Amino acid sequence: MQLVSGTLSNEKLSVDDSSPEGTARIHLVFDKGKLVSQEPASTVFFLGGG
Amino acid sequence: MKTKSWLVLPVIALLLFVNGASAANDQAKLNAQEQKVVDYLVKDWGEDYSVTSVDIAMKALKVEPSDEARFRIGSYVKGHPELHEIIRRWGWVTLVLTPDEKLIARALINAERESKPAPSISELAKAVGIKEPDVKRGLAMLERYEILKKDNNAGGPGFTVMPRYIKWEPRLDFVFHNVSLDSGRQFSVN
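Here the structure is a predicted model, which is why all the values come from computation and not from measurement. (Residues numbered from 1 in each chain as written. Chains lettered and ligands numbered in written order. Predicted model: local features only at pLDDT ≥ 70, side-chain atom pairs only at ≥ 80, totals over all residues.)

## Quick word on the overall build of chain B
So, step 1. Counting its regular elements, chain B contains ten helices and four strands.
So, step 2. Written out in order from the N terminus, the α and β elements of chain B read α-α-α-α-α-α-α-α-α-β-β-α-β-β.
So, step 3. Counting the 190 residues in chain B, one finds 29% classified as buried.
So, step 4. Considering only contacts within chain B whose residues lie at least 6 apart along the sequence, 53% involve residues at least 24 apart. (Helix = DSSP H or I, 4+ residues; strand = E, 2+ residues; numbered from the N terminus. Buried ≥ 20, exposed ≤ 12 C-beta atoms within 10 Å, placed from the backbone. Contact = placed C-beta atoms within 7 Å.)

Shown next, in the form of structure tokens:
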């Protein structure tokens, strides 16, 4: 996420991810650092840290 | 003719060394196009946190998709951790397997960890979202990399997972995060 909201914050991009467990795939689309869409729709996306 | 016995052992040792070195070279021999993929990876790794995998590099260089070529390149990466810190830090498995192969491995490993019966080919196809022939290709690749072992007593597709992969850290094993930019560039991160 450091990349999406930093170096690539002016880009439109997609991320294809493995789920943390299991065999599900996650597809996220970002435009200028903001999440535009996610599949599956039930994906819970957190941005932040501490 | 009298044999100089003191010479026999060093000569045998030398022959064994030459033979061994030749076998290693044969295994590691890449053609020019495959070498280009390795060069691309070495240059790409570390850029924008890149942990790019062999399949993505082949696609970027428009190399015709081939499991055989991908295995040769992957084996080279596996056998040459000195090429880049990324191989040593993240391990060759992350770099040489495709997302489908990683998910097939996960499905089998999760079943074994949870003491459930191994999923069949059709169950694997459904779980991973690919066709059965692609599951078989994936299983063959995982066997060639010695992540799976053929076992006629095992259920499902007839493979057991090599013990070291069962003990890998759940949630961190066989992951992929592939980034595709609108410009066409693709790379993986971890």
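## Here we look at the domain arrangement of chain B
Residue and element names in this part refer to chain B.
So, step 1. Splitting chain B by domain gives domain 1 (31-96 + 178-188) and domain 2 (99-166).
So, step 2. For domain 1 and domain 2, the distance between their C-alpha centres works out to 23 Å.
So, step 3. Counting residues at the interface gives four residues for domain 1 and five residues for domain 2.
So, step 4. Looking at the side of domain 1 that touches domain 2 residue by residue, the classes come out as two nonpolar, one polar and one charged. (Domains from an automatic or database assignment. Nonpolar A, V, L, I, M, F, W, Y, C, P; charged D, E, K, R; others polar.)

## Some words on unusual backbone geometry
So, step 1. Of the consecutive residues Glu 39 of chain A and Pro 40 of chain A, the connecting peptide bond is found in the cis state with omega at -5 degrees.
So, step 2. Mapping Pro 40 of chain A onto the fold places it in the segment after β3 (34-39).
So, step 3. Positive phi, normally seen in glycine, also occurs at Ser 115 of chain B, with a value near 55 degrees.
So, step 4. Tracing the chain through its elements places Ser 115 of chain B in the loop between α7 (99-113) and α8 (121-128).
So, step 5. The backbone of Glu 146 of chain B sits at a positive phi, close to 60 degrees, despite the residue not being glycine.
So, step 6. Here Glu 146 of chain B falls in the exposed class, since 11 other C-beta atoms lie within 10 Å of it.

## Remarks on the packing of helix α2 (residues 32-44) of chain B against helix α4 (residues 67-79) of chain B
All names here are of chain B.
So, step 1. Put simply, α2 and α4 touch, their axes get as near as 10 Å, and they point 50 degrees apart. Here α4 runs oblique to α2, going by the angle between their axes. Handedness of the crossing formed by α2 with α4: right-handed. Residue-level inspection shows Glu 34, Val 37 and Val 38 of α2 in contact with α4, the latter providing Ala 69, Arg 72, Ile 73, Tyr 76 and Val 77. (Axes fitted to C-alpha atoms, helices over the stretch in contact; angles between N-to-C directions. Parallel < 35°, antiparallel > 145°, perpendicular 65-115°, else oblique. Left-handed = near helix turned anticlockwise from the far one by under 90°.)

## Focus: the packing of α7 of chain B against α8 of chain B
Residue and element names in this part refer to chain B.
So, step 1. Put simply, α7 and α8 touch, their axes get as near as 10 Å, and they point 120 degrees apart. Between α7 and α8, the interaxial angle falls into the category oblique. Regarding α7 and α8, the two cross each other, and that crossing is right-handed. Between α7 and α8, the residues in contact are Asp 100, Leu 103, Ile 104 and Ala 107 and Leu 124, Ala 127 and Val 128, respectively.
So, step 2. Within the contact of α7 with α8, the residues separate by chemical class into six nonpolar, no polar and one charged.

## Considering the interface of chain B and chain A
So, step 1. Listed per partner, the contact involves 22 residues of chain B and 15 residues of chain A.
So, step 2. Where the side of chain B that touches chain A is concerned, the elements lending two or more residues are α7, α8 and β3 (177-181) of chain B.
So, step 3. Ranked by residue count, the leading element in the side of chain B that touches chain A is α7 of chain B, at six residues.
So, step 4. Looking at side-chain class alone, the side of chain B that touches chain A contains twelve nonpolar, five polar and five charged residues.
So, step 5. As paired elements, strand β1 (residues 12-18) of chain A and β3 of chain B share five bridges and run antiparallel to each other. Residue pairing for β3 of chain B: Ser 14 of chain A is matched across the bridge by Ser 180 of chain B. (Pairing = 2+ DSSP bridges.)

## Notes on the nonpolar core
Residue and element names in this part refer to chain B.
So, step 1. Counting residues in each nonpolar core, the largest one holds 21 residues, and the members touching the most others are Val 37, Val 54, Ala 57, Ile 73, Val 77, Leu 95 and Val 96.
So, step 2. For this core, the elements supplying multiple residues, two or more each, are α2, α3 (54-60), α4, α5 (85-90) and α6 (92-96).
So, step 3. Per-element accounting of this core gives the leading share, four residues, to α3.
So, step 4. Sequence-distant contacts of Ala 57, that is, excluding residues within four places in its chain, are made with Val 37, Tyr 40, Leu 41, Asp 44 and Thr 52.
So, step 5. Counting 18 residues, the second largest nonpolar core, distinct from the first, contains Ala 127, Leu 139, Met 141 and Ile 147. (Core = buried A, V, L, I, M, F, W, Y, C linked by C-beta atoms within 7 Å.)

## Points about the sheet that holds β3 of chain B
So, step 1. With antiparallel pairing, the five strands of this open sheet are ordered in space as β3(A)-β2(A)-β1(A)-β3(B)-β4(B). Strands with a single pairing partner mark the edges of an open sheet, and in this sheet they are β3 of chain A together with β4 (186-188) of chain B. Along the sheet, successive strands turn relative to each other by an average axial angle of 20 degrees, direction set aside.

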